[in-house]
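# Notes for the structure review
Letter by letter, the chains look like this.
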2 protein chains.
Amino acid sequence: MFTYAEENYIKAIFHLQAQSDKEVSTNAIADVMETKPSSVTDMVQKLAEKKVLAYRKYKGASLTEQGRKVATSVIRKHRLWEVFLVDKLNFHWDEVHDIAEQLEHIQSDELIKRLDKFLGNPDFDPHGDPIPDANGNFKKTEKKLLSKLKKGQRGVCVGVKESSPEFLQFLDKKNISIGTKIKVLGKEFFDGSMVIEVGKNQSFISKKIAESLYVQTN
Amino acid sequence: MFTYAEENYIKAIFHLQAQSDKEVSTNAIADVMETKPSSVTDMVQKLAEKKVLAYRKYKGASLTEQGRKVATSVIRKHRLWEVFLVDKLNFHWDEVHDIAEQLEHIQSDELIKRLDKFLGNPDFDPHGDPIPDANGNFKKTEKKLLSKLKKGQRGVCVGVKESSPEFLQFLDKKNISIGTKIKVLGKEFFDGSMVIEVGKNQSFISKKIAESLYVQTN
DNA sequence: TTTATTTTTTAGCCTAGCCTAAAAATTTAA
DNA sequence: TTAAATTTTTAGGCTAGGCTAAAAAATAAA
Ligand SMILES: [Mn+2]
Ligand SMILES: [Mn+2]
Ligand SMILES: [Mn+2]
Ligand SMILES: [Mn+2]
């Protein structure tokens, strides 16, 4: 139905819209797709003809319901495969993204149905990102950025905002992973840095890090 | 390194050479690839430049050592994924080929290493075809066509020469699968048909079928 | 409210992989 | 050993998905 390139564009636009919700600019898409704006214009015009997005010249693109359906399907596949790689093949969470980028394009509804079952119908991927169901619905959770916590508050790490290998490896060094309990021991107003307790140890965390970690408080 | 199309051509040429060993003709390749001979000429010329095959105008193509390496790697992946689909996701053996055609192109040595281990380092795929090791070596077996058996001889089904869903579903109806014990009760000289014993039942088998089933005698 | 800058689109070109039609080489038949 | 049939290659064209350079529109600055 859709080529790999088309699926990747649709997915990228979905993620961009998740941030701002408005129409997505040509340049923004070119940025995340690592292509030139002129190539993006070509592609969004084709995707508009295919009815997966609405496109207004000089204004931008926004996915139609059909487009959202395609996007969530690809995202569902990506995240299920990541669970497979970590849970079944014992990959580390910083190694799975690139392989999942390939696997997400494999076409077979039956395969995904069975994979989902085989994995125990997981709700979250190894980075704490929610896995949409077959209808494209995400389970809502009340996670917040670690940076929002006040001194003395506790939270459980439930996700990462960015899942680059570099950042994930940094978290490993700090002994932080999904499920880790974190307590804010101190917070520096001036630069937003924090001192946190992880297990029996305490760590210094910059603002940048505190803004890349999702926690759940209860 | 190689595109999907290139990998598919290389794999097809490998399989054609496995039959005859000589140079493979343009038409033969076009046939199995379901493309036109002119497209094949284009592609083999490109693959010759990439050193995966030797090509002599009007004579045909034959894989180099490098080409064989690529082919066996793709075949290894295809068959390992088929094992995964059948053993882990409970697909039936007639459903897995098309999905494996996609999965065989996923690029990650580490993935295949781990998948192989996860599956228990299988030697054969669900159709009885040998899975080459990481160096491209196939385990030799002394299988023969069921049609070679004489009246009274027994054998165990170890493979199918052709694995189209239609044929596999036909075998299901006859209660034949990998590991099934078969005894030749009668053989018709005139048309090569056979009467065989499968479990407690007996079946009539045409020559075409008897020439599509591999058995091992001991 | 002009002018300058930035963003976006258009025009034209490229490669991969396919196609058809025609030419050339090879093989088979007479 | 010529003629006919088949196989293979070449020539030219098409679509997908990129690119650069130039034009046009939108936005920001003066
Ligand atoms: Mn990922
Ligand atoms: Mn993820
Ligand atoms: Mn197969
Ligand atoms: Mn097989």
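To start, this report covers the structure provided alongside it. (Residues numbered from 1 in each chain as written. Chains lettered and ligands numbered in written order. Predicted model: local features only at pLDDT ≥ 70, side-chain atom pairs only at ≥ 80, totals over all residues. Heavy atoms only, no water.)

### Points about the protein's contact with DNA strand C
- The full set close to DNA strand C counts 21 residues, and Tyr55 and Lys57 of chain A together with Thr3, Ser39 and Lys46 of chain B are the nearest of them.
- When atoms of DNA strand C within 4 Å of the protein are sorted by moiety, sugar and phosphate together comprise 80%.
- Lys46 of chain B is positioned such that a nitrogen or oxygen atom in its side chain is 2.4 Å from a phosphate oxygen of DNA strand C.
- One of the side-chain nitrogen or oxygen atoms of Tyr58 of chain B is found 3.3 Å away from a sugar or linking oxygen of DNA strand C.
- Put simply, the parts of the chain that give the surface near DNA strand C at least two residues each are helix H2 (26-33) and helix H3 (37-49) of chain A together with helix H1 (4-20) and helix H3 (37-49) of chain B.
- Along the lines of polarity and charge, the residues of the surface near DNA strand C split into seven nonpolar, ten polar and four charged. (Near = heavy atom within 4 Å. Polar contact = N/O pair within 3.5 Å; in protein donor to acceptor, adjacent residues only side chain to side chain. Helix = DSSP H or I, 4+ residues; strand = E, 2+ residues; numbered from the N terminus. Nonpolar A, V, L, I, M, F, W, Y, C, P; charged D, E, K, R; others polar.)

### Some points on the protein's contact with DNA strand D
- Around DNA strand D lies a shell of 20 residues, among which Thr3, Ser39 and Lys46 of chain A together with Tyr55 and Lys57 of chain B are the nearest.
- In DNA strand D, atoms within 4 Å of the protein come 82% from sugar and phosphate.
- Contact distances for DNA strand D include 2.6 Å between a phosphate oxygen and a side-chain N or O atom of Lys57 of chain B.
- At a separation of 3.0 Å, a phosphate oxygen of DNA strand D approaches a polar backbone atom of Tyr58 of chain B.
- The set of elements that each furnish at least two residues to the surface near DNA strand D consists of helix H1 (4-20) and H3 of chain A together with helix H2 (26-33) and H3 of chain B.
- Split into classes, the residues belonging to the surface near DNA strand D amount to seven nonpolar, ten polar and three charged.

### Overview of the coordination of the manganese ion (ligand 2)
Residue and element names in this part refer to chain A.
- Only Glu82 (OE), Asp125 (OD) and His127 (ND1) from the protein coordinate the manganese ion (ligand 2), and they sit 2.1 to 2.3 Å from it.
- Considered as a linear motif, the donors of the manganese ion (ligand 2) on their single chain read E-x42-D-x1-H.
- Separation of the manganese ion (ligand 2) from the manganese ion (ligand 1) amounts to 3.5 Å, with Glu82 serving as a shared donor to the pair. (Donors = N, O, S within 2.8 Å, 3.2 Å for Na, K, Ca; no water.)

### Topic: unusual backbone geometry
- Here Glu34 of chain A, not a glycine, exhibits a phi torsion of approximately 55 degrees, which is positive.
- Inspection of the secondary structure assignment puts Glu34 of chain A in the loop between H2 and H3.

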